[in-house]
Amino acid sequence: QVPLVESGGGSVQAGGSLNLSCTKSGFTLRQYFMAWFRQPQGGEREGVATIDPDGATTYADSVKGRFIISKDNTKNSLYLHMTSLKPEDTAAYYCAASQYRRGFQSTYATWGQGTQVTVSS
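What comes next is a walk through the structure. (Residues numbered from 1 in each chain as written. Predicted model: local features only at pLDDT ≥ 70, side-chain atom pairs only at ≥ 80, totals over all residues. Heavy atoms only, no water.)

Right, let's get into the state of the cysteines. Linking two cysteines covalently through their sulfur atoms gives a disulfide. The full count for this structure, using the stated rule, is one disulfide. Across the disulfide, Cys 22 is cross-linked to Cys 95 (sulfur-sulfur distance 2.0 Å). With the S-S bond torsion at 65°, the cross-link from Cys 22 to Cys 95 turns out right-handed. One end of the pair, Cys 22, is in strand β3 (residues 18–23); the other, Cys 95, is in strand β9 (residues 91–98), and 73 residues separate them in sequence. Of the residues examined, Cys 22 reaches a relative accessible area of 1% and is grouped as buried. (Disulfide = S-S within 2.5 Å. Helix = DSSP H or I, 4+ residues; strand = E, 2+ residues; numbered from the N terminus. Buried < 20%, exposed > 50% of the residue type's maximum accessible area, 1.4 Å probe, protein only.)

So, in structure tokens, the structure goes:
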């Protein structure tokens, strides 16, 4: 099964912005509960943001007011707009999809391969 494919990671200085994208061919995104997770090197995976099929969103406290999750059903794409980035945001970022609401539980059925975000001070 072709996994989700993330893009848009990179290196940025603190205070900067990055936009991540996630897509999958042959995938009807509007039917799925989608999420972004991140995992710092040597650390645990944590939930960042979720978006339901109806567009409802949730955010981890650490990113509220700085990150925005969105999607474009016509393009089968999920996005994460990250602003005011901090060094502690440095991590591999993963998108995930589930046919059922999972919140920040990591039991999503489909994952991407990850894209690295590095924030320097």
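So, next bit.
All right, on to the packing of aromatic side chains then. With the rule as written, the count across this model stands at three aromatic pairs. Aromatic pair Phe 37 and Trp 111: ring centres 5.0 Å apart, planes at 50°, arrangement tilted. Residue Phe 37 is found in strand β4 (residues 33–39), and its partner Trp 111 is found in strand β10 (residues 110–111); the two are separated by 74 residues along the sequence. For the pair shown, Phe 37 and Trp 111 are each scored as buried. The interplanar angle of 75° and the centroid separation of 6.1 Å between the aromatic rings of Tyr 108 and Trp 111 together place this pair among those described as edge-to-face. (Phe/Tyr/Trp six-rings, centres within 6.5 Å; stacked < 30°, edge-to-face > 60°.)

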